[in-house]
Amino acid sequence: MATLSNRLSRWTLLLFACALVNFLAAQGLILAGMTWPARALSAPGTLAAVHLLVIGWLLLMMLGALFQFVPVITARPLTSQRMALWALIGIEVGLGGMICGFFGITASPVLAMALPAGATAVLLGVLAASWNVGVPLVRARPLALPGRMVLTGLVFLVITVMLGLSFALAFTVPALAPYLAGLLNAFGDHALAGLGGWFTLTAMGVSYKLLPMFMLAPEDRGIPGDCVHILGTLGFALAVAAGVAQVWVSAGFLRIAQSSGYVAITIAVAIYLWDIRRIYRTRRRTAIEVHNRAAVGAFGFLGLAAALAISSLGTGRPAAGAPVSVFLVVFGWLGGLGLTQLYKIIPFLTWLGRYGSALGRASVPRVQDLVRERRGGQWFVLYFAAILLGSAFALSGSAPGFRSCIALVALATAGLVTEYWRAWRGHYVQARHAEAAIPPFLASPRE
Amino acid sequence: MDAAITPDRQYVLAALHEVIDPELGYNIVDLGMVYELAVDAGVVKISMTMTTPGCPAQDYILAGVYERARSLPGISAVDINLVWEPAWSPQRMTPIAKAHFGIQE
């Protein structure tokens, strides 16, 4: 019998580790006062922190999860395990270049060239990752709802990164592509394509598989699930396309299309949150684990971010609420969902690496024995409470208050990282199981 | 002592209680993942499933079932047939497993 599985992603834990380091680094930049709200949204420190968050943290975390998740939903292996490593290298090196470039824009024209060079490396990494998970998804058609949503998300990911590369070129070598200069006004659409079309649709798709699986709830989402996918896709596509087109063409129908996109997105988010509530209410497993209990906070922040964005647009002051909405989406919704699910995924992958081969031969712990839920739960409460308070300070324009809340967010994140580390090291596993353990790993099993 | 044992279905099933589904943290027998099990002249034939297709732990669980059954005295071969029909559902759990997860009968 095989003892090592090609269903396991060899590099996922390494991607998670890099992602968490980047998340803490971004929080460090905010705490150092180098970013919004202490500085302008276009300040180098803000741009560096934002890209550390969305590329360094969220993108790597999501790709690490997809490298493991796609073989589960397609019952097919990744195109290549090695391609996942190349994607990681391209994205990390590219991100480093981009950060150098952001600080170089005002300091050194030569250093600024690191921005398009880094963005190109990120694009190559993203294309490698998209190919790696896209091919098994396409080959597994017809896909269930989670797979369709992930595939849609991948299209938005490539669009987002290509838009970002265009920005980088427009920033640093305007003479090369003068027609791109106007694109710099479309950074909001770049953010919407990334945070909405890519991250949110993909997170929704993944949650539609994982939540029912973990909580033993019905997986078939029926018409509401299809509505979330179709309205979400149309909404983000319309809003982004119409927004970008208005850089060159000022036409009433584009504004109508953009507004229609926002309406469709709002309806999709509302249906999704209602459907998630339905999953929780119809679950067969009454006593659920902490990662599912804490995820409720992330869903709440999605609703809060959407409500804030709508009220900002409705009152004609999008500039006032948009940064806080983005903060809620990045830290509360996507970051919160990521941290909560890592609390299950990291122990699960660790279990497979350390104890999987001993199953049937020796006494092995349960995945649940690798964590202490009470400790994890306390960090999640602190994390979400600090984000809620931080968003209130940001809305009121209090930069010191916001930063003090980010200090609490950083403390909670560090606490959770410690718990992930302990799970990976088998810190909580009782001695009677110890003989079954093999040395910890970051990059096994082998291809 | 080993030579005196004639392994039967119950004997093998009892041993398979030591093989867990790592995600649910419960043994595969009470979870209802073992659909059929027969023992004939020291050969164990098992028909079983996973809680979800594409489960990352699939190969480990199958290997665990094989190793545990094969290690029993009087067992010379183990033949596992992984099936997806009928699909697993929480209804397949034994009452004791349902009680553990708080599932109503």
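Along each chain, numbering runs from 1 in the same order as the chain's sequence is written. Here every chain gets a letter starting at A, and every ligand a number starting at 1, in the order they are written. The predicted origin of the model limits local features to residues at a pLDDT of at least 70 and limits the giving and counting of side-chain atom pairs to 80 or more, whereas totals for whole chains, interfaces and linings rest on all residues.

### Re the overall build of chain B
- On a plain count of helices and strands, chain B comes out with three helices and five strands.
- By definition, any uninterrupted DSSP run of H or I lasting at least four residues is a helix, any uninterrupted run of E lasting at least two residues is a strand, and each is numbered from the N terminus. Reading chain B from its N terminus to its C terminus gives the helix and strand order α-β-β-β-β-α-β-α.
- Here the globule rule is a power law, 2.2 Å times the number of residues to the power 0.38, and the radius of gyration is based on C-alpha atoms. Compactness check: chain B gives a C-alpha radius of gyration of 14 Å against a globular reference of 13 Å for 105 residues, within 12% of the reference.
- Each principal axis of the C-alpha atoms in chain B carries an extent, and together these give about 45 × 25 × 20 Å.
- Any pair of residues counts as being in contact when their C-beta atoms, constructed from backbone geometry, are within 7 Å of one another. Taking as baseline every contact in chain B between residues at least 6 positions apart, the subset at least 24 positions apart corresponds to 62%.

### Topic: the interface of chain B and chain A
- Across the contact, 26 residues belong to chain B and 28 residues belong to chain A.
- It is helix α2 (residues 58-70) of chain B that contributes the most residues to the side of chain B that touches chain A, eleven residues altogether.
- Charged residues are taken to be Asp, Glu, Lys and Arg, nonpolar residues to be Ala, Val, Leu, Ile, Met, Phe, Trp, Tyr, Cys and Pro, and polar residues to be all remaining types, Gly included. Residue classes in the side of chain B that touches chain A are distributed as 16 nonpolar, six polar and four charged.

### Side note on the packing of helix α8 (residues 222-245) of chain A against helix α9 (residues 252-281) of chain A
Residue and element names in this part refer to chain A.
- Axis definition: a line fitted to C-alpha atoms, over the contacting stretch in the case of helices. Angles run 0 to 180 degrees between N-to-C directions. One can describe the packing of α8 onto α9 by two numbers: an axis separation of 7 Å at closest approach and a directional angle of 150 degrees. With respect to their mutual orientation, α8 and α9 come out roughly antiparallel. The element α8 and its partner α9 pack so that their crossing is left-handed.
- By residue class, the composition of the contact of α8 with α9 is 19 nonpolar, seven polar and one charged. Roughly parallel refers to an angle under 35 degrees, roughly antiparallel to one over 145, roughly perpendicular to one between 65 and 115, and oblique to any angle outside these ranges. Working rule for handedness: look at the near helix, and if it is turned counterclockwise from the far one by less than a right angle, call the crossing left-handed; if clockwise, right-handed.

### Some points on the packing of α9(A) against helix α10 (residues 290-314) of chain A
Residue and element names in this part refer to chain A.
- At a minimum axis distance of 11 Å, the contact between α9 and α10 shows a crossing angle of 155 degrees. With respect to their mutual orientation, α9 and α10 come out roughly antiparallel. Once α9 is placed against α10, the crossing between them reads as left-handed. Between α9, through Y262, T266, V269, L273 and I276, and α10, the contact on the second element is made entirely by F299, L302, G303, A306, I310 and L313.
- When its residues are assigned to classes, the contact of α9 with α10 shows nine nonpolar, two polar and no charged.

### Things to note about the confidence of the model for chain B
- Here chain B averages 91 in pLDDT, while 94% of its residues score no lower than 70.
- Of the two predicted TM-score estimates for the complex, the pTM is 0.93 and the ipTM is 0.89. The quantity known as pLDDT measures the predictor's confidence residue by residue, on a range of 0 to 100.

### A few points about the domain arrangement of chain A
Residues and elements named next belong to chain A.
- In terms of domains, chain A is made up of domain 1 (1-141), domain 2 (150-288) and domain 3 (303-352 + 367-424).
- With centres defined by C-alpha atoms, the gap from domain 1 to domain 2 works out at 18 Å.
- Contacts between the two partners involve 21 residues from domain 1, matched on the other side by 19 residues from domain 2.
- Broken down by secondary-structure element, the contributors of at least two residues to the side of domain 1 that touches domain 2 are α2 (44-74) and α5 (114-139).
- Partitioned by chemical class, the residues of the side of domain 1 that touches domain 2 number 18 nonpolar, three polar and no charged. Each domain span listed reflects an automatic or database assignment of domains.

### Side note on the sheet that holds strand β4 (residues 43-48) of chain B
Residues and elements named next belong to chain B.
- Strand order in the open sheet formed by three strands is β3-β4-β5, and the pairing between neighbours is mixed. Of all strands in the sheet, those bounded by a partner on one side alone are β3 (34-40) and β5 (77-82). For this sheet the average axis-to-axis angle between neighbouring strands, irrespective of direction, equals 10 degrees.
- Summarising the sheet, β3 and β4 pair through six bridges and their orientation is antiparallel. Bridging from a neighbouring strand, D40 pairs with V43 of β4.
- Lying on the sheet, helix α1 (residues 9-16) is in contact with β3 and β4; it crosses β3 at an angle near 130 degrees. For two strands to count as paired, DSSP must find a minimum of two bridges between them.

### With respect to the pairing of β4(B)
All names here are of chain B.
- Counting other C-beta atoms within 10 Å of its own, a residue is labelled buried from 20 upward, exposed at 12 or fewer, and partly exposed in the gap between, with every C-beta atom placed from the backbone. Only one face of β4 is covered, namely the one carrying V44, I46 and M48; the face carrying V43, K45 and S47 has none of its residues buried.
- What sits between the antiparallel neighbours β3 and β4 is a turn of two residues, in which A41 has the positive phi angle 50 degrees.
- Examined bridge by bridge, β4 and β5 share six bridges and lie parallel to one another. Each residue of the ladder has a partner; that of M48, found in β5, is L82.
- Regarding topology, α2 serves as the crossover connection from β4 to the parallel β5, and that connection is right-handed. The definition of a right-handed crossover adopted here requires that, viewed with the strands pointing away, the path from the first strand over the helix to the second runs clockwise.

### Focus: α10(A)
- Under the 1.5 Å per step criterion, the end-to-end length of α10(A) is 37 Å for 25 residues, consistent within 8% with the ideal 36 Å.
- Looking at the residues trailing α10(A), positive phi occurs at A:G316, about 70 degrees. By this rule the span expected of a helix is its residue count minus one, scaled by 1.5 Å.

### Some points on the nonpolar core
Residue and element names in this part refer to chain A.
- For this analysis, nonpolar core means a set of buried Ala, Val, Leu, Ile, Met, Phe, Trp, Tyr and Cys residues linked through C-beta atoms within 7 Å. Of all hydrophobic cores here, the largest spans 173 residues; its most connected members are L58 and L60.
- No other element matches α2, which puts 20 residues into this core.
- Those residues in contact with L60 that sit more than four places away from it in its chain are L15, C18, A19, N22, L88 and I91.

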